[in-house]
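As a plain string of letters, each chain reads:
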Amino acid sequence: MPIKVVVAKDAKEMSKKAAAVIAEVVRKRPHCVLGFATGSTPEGTYAELARMNKEEGLSFARVTTFNLDEYLGLDGDHDQSYRYFMNKNLFEKIDIRLWNTFVPLGVAADPGVGCIAYEQYIKAAGGVDLWLLGIGNNGHIAFNEPGSAPDSRTRIVALDKSTIEANSRFFKSADEVPRYALSAGIGTIKEARKIVLLASGPKKANAVKAAVEGPVTIECPASLLQDHPDTTFIVDAEAASKLSGEK
Ligand code: GLP
């Protein structure tokens, strides 16, 4: 199935559309399993889900979640860890049970073994119903950098120089950005029954075009979603600006 593309006029509309798709899954299956992402792009979607939880009674009490990735070496209370991000931006604002939320452990006795366990937790939960993704400027999904294997699983990965630079905006300097991360693999992500990828802003336009209209290649990890049966990109007009197809 080719990737479906929904173009929103701006980031706000993109976030509302994404939250509506997630809410539909939760309403149909209150005990569903959701996959989440971090980064600036999904923040608006999480704010909208928190609003729906508060104002519209959308309950996450029976939902289980798995996050894509975590920096190796950052503990959950580090303010740049992805566990911290999820707690602050979403989990503390909704009625989810924290023990049903999973983020790879950045600090563990053996983080590699933790990756294997992570895959087993996902399987034990029955697989992911919907995985929300962002996209890196270089086409990465989670921390699957260009060159990642299409059947890769959760593992320790080295970050690209361009990703370290892009993510240095959250740290005091690029030197402080961890060089390694734990990341769900492309094979892990593609087992989700439904995938929704968000992209916003002009910096993402090349990656979106390569992913949707380019060849399926490990050079653009998001292009490997082209043969997934149910993937939708919800992008704003700027991120869609280089697409040549119908918009
Ligand atoms: C990080 C994350 C990705 C995310 C990407 C884009 O590298 N590991 O999961 O999609 O950044 O982030 P942003 O949404 O801030 O552009």
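Structural data are supplied above this passage.
Attention in this report is confined to the structure presented alongside it. Just so you know, these numbers come straight off a predicted model, no measurement behind them.

1. What to know about the pairing of strand S9 (residues 194-199)
- Of all 6 residues making up S9, 5 are buried, and the element is well covered by its neighbours.
- As judged from the 4 bridges shared by strand S6 (residues 130-133) and S9, these two strands associate in the parallel manner. Each bridged residue has a counterpart across the sheet, and for Leu133 the counterpart in S9 is Leu197.
- Pairing analysis gives 5 bridges linking S9 to strand S10 (residues 231-236), with the strands arranged parallel. Looking at the pairing, Leu198 lines up with Ile234 of S10.

2. Brief notes about helix H1 (residues 11-28)
- With 18 residues, H1 ought to run about 26 Å at 1.5 Å a step, and its terminal C-alpha atoms sit 26 Å apart, in line with that.
- Summarising the contacts, the buried residues of H1 are in contact with strand S1 (4-8), strand S2 (33-36), helix H2 (43-55), S6, S9 and S10.

3. Comments concerning the pattern of salt bridges
- Under the counting rule described, the total for this entry stands at 16 salt bridges.
- Arg51 is the partner of Glu55 in a salt bridge, and the nearest nitrogen-oxygen pair spans 2.9 Å. Of this pair, Glu55 and Arg51 both sit in helix H2, 4 residues apart, which is roughly one turn of that helix.
- Of the residues examined, Glu55 reaches a relative accessible area of 57% and is grouped as exposed.
- Here Arg51 makes a salt bridge to Glu56, at a shortest N to O gap of 3.0 Å.
- Of the residues examined, Arg51 reaches a relative accessible area of 25% and is grouped as partly exposed.
- On the basis of relative accessible area, Glu56 is assigned to the partly exposed category, the value being 41%.
- Several salt bridges share partner residues, and in doing so they unite Lys16, Arg27, Glu48, Arg51, Glu55 and Glu56 into one network.

4. Details of the side chain of Ser81
- Note on placement: Ser81 falls in the loop between strand S4 (69-71) and helix H3 (82-89).
- Using a relative accessible area of 1% as the deciding quantity, one classes Ser81 as buried.
- Engagement of the side chain of Ser81 in a polar contact is seen with the backbone oxygen of Gly76, the distance being 3.3 Å.
- Leave out the neighbours within four places in its chain, and Ser81 touches Glu70, Leu74, Asp75 and Gly76.

Conventions adopted
Once a new chain begins, its residue numbering starts again from 1 and follows that chain's sequence as written. Only residues with pLDDT of 70 or above have their local features reported here, since the model is predicted, and side-chain atom pairs are shown and tallied only from 80 upward, although totals for entire chains, interfaces and linings are computed over all residues. In computing side-chain values, all of the structure's heavy atoms are included and hydrogens and water are not. Relative accessibility under 20% of the residue-type maximum defines a buried residue, over 50% an exposed one, and the middle range a partly exposed one, all with a 1.4 Å probe and only protein chains included. Secondary structure elements follow DSSP: runs of H or I no shorter than four residues count as helices, runs of E no shorter than two count as strands, and numbering proceeds from the N terminus. Any two strands with at least two DSSP bridges between them are considered paired. For a helix, the expected span equals 1.5 Å multiplied by the number of residues minus one. Two residues qualify as a contact provided that any one of their heavy atoms is within 4.5 Å of a heavy atom in the partner residue. Any Lys or Arg side-chain nitrogen found within 4 Å of a carboxyl oxygen on Asp or Glu counts as a salt bridge. A 3.5 Å cut-off defines polar contacts: any pair of N or O atoms within that distance qualifies, except that in protein one atom must be a possible hydrogen donor and the other a possible acceptor, and neighbouring residues in sequence count only when both atoms are side-chain atoms.

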